[in-house]
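Architecture at a glance
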Amino acid sequence: TPADAAGGAVEKPTAAPYGSWRSPITADIVSGADKRLGGIALARDGRLLWIEGRPEEKGRMVIVKEGDKPVDVIPQEFAARTLVQEYGGGAFAVQDNTVVFSNYKDQRLYKQPTEIGSLPVPLTPDYGAPDVSYAGGVFDPHFSRYVTVMEDRRTSNLNPATTIACINLSGGDIHEPKVLVSGNDFYASPRIDQNKKRMAWIEWGHPNMPWDKSELWVGYFSESGELTKRVCVAGGNPMLVESLAEPKWSPKGELFFITDRESGFWNIYKWVEHSNEVVPAYTLDAEFTRPLWVFGNRSYDFLGNSNHIVLTYRF
């Protein structure tokens, strides 16, 4: 037996056909090496929450809260993942110390406090199968409800009905979600103004993808919470094809969003409400967002109550 310089035995190499070599680096080791992180939110106590994908738990998506040591918010039998438009995203939202999330197994929405040890309470009906999913939701401060994109596959998996719906957060009873916006093929990014009773959203229809052509709308809520007036902010001009993304109300109640109009680059624009005009807020030959494959993209935000925007972009 050959020996190395230290006098120990050296294993003789074994010849093997291509692709059949035995390796100590297994598929489990490679796939389980890194955790997937995505989606962040801020609780009232100033601590961050995020979603953590764990290969060692068969890919379970866990809501985790910042602390001296990060801790799991949702129990072991739950996973925060939605199946809307297959790719999902936007599976949870936080307001104060309450988190609402979509549970992977049954696709129902649940609510629970962010304190450790709390148990989730279902908000949406049990349809007997995970055929109704929710994504990209936000809390509505005016009517104590949760507004979200809802995808209903009970009638058709090939062409499911997609709407923007709301779920009541007050009381303990479970009610059927109430549809607020419908009629188009796809919806995304319902965003509610904290100052006034109005909501912005993005919609598009077949055969377009959202990065080909989409529309940005604003709707005004009545005192009962219905949308009584709607205005197409951008994307409605057939002579100007554009792709809209990430509508967001500033602390002062101004609507900002991202569009690729004219330049072909996704830049930040602002809506002038009284004249229903769109003006550039910041332009650059760069991309300020990513294609809307998943819900929950967040490429910019407002710096407190100042007139400044914090943003990211790619050349």
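As named in an unreviewed UniProt entry, the protein chain is Dipeptidylpeptidase IV N-terminal domain-containing protein, taken from Aegilops tauschii subsp. strangulata.

This part is about the pattern of salt bridges. Evaluation of the coordinates by the stated rule reveals 17 salt bridges. Between Arg-54 and Glu-52 there is a salt bridge, with the nearest N and O atoms lying 2.9 Å from each other. Residue Arg-154 pairs with Asp-152 through a salt bridge whose shortest N-O separation is 2.7 Å. The partly exposed category is assigned to Arg-154, whose relative accessible area is 44%. For Asp-152, a relative accessible area of 17% corresponds to the buried category. Through salt bridges with shared partners, one network takes in Lys-35, Glu-52, Arg-54, Glu-57, Arg-60 and Asp-72.

Moving on, we get to the layout of surface pockets. In this structure, the second largest pocket spans a volume of roughly 360 Å³. Lining the second largest pocket are 21 residues, with Gln-85, Glu-86, Glu-151, Phe-186 and His-206 positioned closest to its centre. Along the lines of polarity and charge, the residues of the lining of the second largest pocket split into 11 nonpolar, six polar and four charged.

Among the structural elements, Asn-195 can be located in the loop between β13 (186-192) and β14 (198-204). For Asn-195 and Tyr-146, which are 49 residues apart along the polypeptide, the C-alpha to C-alpha distance reads 17 Å. Look past the residues within four positions of Asn-195 in its chain and what remains in contact with it is His-142, Ser-250, Pro-251, Lys-252 and Gly-253. Among the polar contacts listed, one links the side chain of Asn-195 to the backbone oxygen of Pro-251, at a separation of 3.2 Å.

A word on the packing of aromatic side chains. Tallied over the entire structure, the rule returns 13 aromatic pairs. Seen from their ring centres, Tyr-87 and Trp-293 are 5.4 Å apart, and the 75° between their planes marks the pair as edge-to-face. Highlighted residues: Tyr-87 in the loop between β4 (71-72) and β5 (92-95) and Trp-293 in the loop between β20 (277-282) and β21 (300-302), separated in sequence by 206 residues. For the pair Trp-211 and Trp-293, a centre-to-centre distance of 4.7 Å together with 45° between the ring planes defines the contact as tilted. Of this pair, Trp-211 sits in the loop between β14 and β15 (215-221) while Trp-293 sits in the loop between β20 and β21, placing them 82 residues apart in sequence. Note on Trp-211: relative accessible area 24%, which makes it partly exposed. What links up through ring pairs into an aromatic cluster is the set Tyr-282, Phe-288, Tyr-313 and Phe-315.

What follows concerns the sheet that holds strand β10 (residues 145-152). The strand order across the open sheet built from four strands is β9-β10-β11-β12, with neighbouring strands paired in antiparallel fashion. Each edge of the open sheet carries a strand with a single partner, namely β9 (132-140) and β12 (178-181). For this sheet, the mean angle separating the axes of adjacent strands, direction not counted, is 35°. Inspection of the sheet shows strand β11 (residues 161-168) paired to β12 by three bridges, in the antiparallel sense. If you follow Ile-164 over to β12, its bridge partner there is Val-181.

The rules behind these values
Residues numbered from 1 in each chain as written. Predicted model: local features only at pLDDT ≥ 70, side-chain atom pairs only at ≥ 80, totals over all residues. Heavy atoms only, no water. Salt bridge = Lys/Arg side-chain N within 4 Å of Asp/Glu carboxyl O. Buried < 20%, exposed > 50% of the residue type's maximum accessible area, 1.4 Å probe, protein only. 1 Å grid on protein atoms, 1.4 Å probe; cavity = no way out; pocket = protein on both sides within 12 Å on 5 of 7 lines; lining within 4 Å. Points joined across faces, edges and corners; volume = space filled by probe spheres on them. Nonpolar A, V, L, I, M, F, W, Y, C, P; charged D, E, K, R; others polar. Helix = DSSP H or I, 4+ residues; strand = E, 2+ residues; numbered from the N terminus. Contact = heavy atoms within 4.5 Å. Polar contact = N/O pair within 3.5 Å; in protein donor to acceptor, adjacent residues only side chain to side chain. Phe/Tyr/Trp six-rings, centres within 6.5 Å; stacked < 30°, edge-to-face > 60°. Pairing = 2+ DSSP bridges. Axes fitted to C-alpha atoms, helices over the stretch in contact; angles between N-to-C directions.

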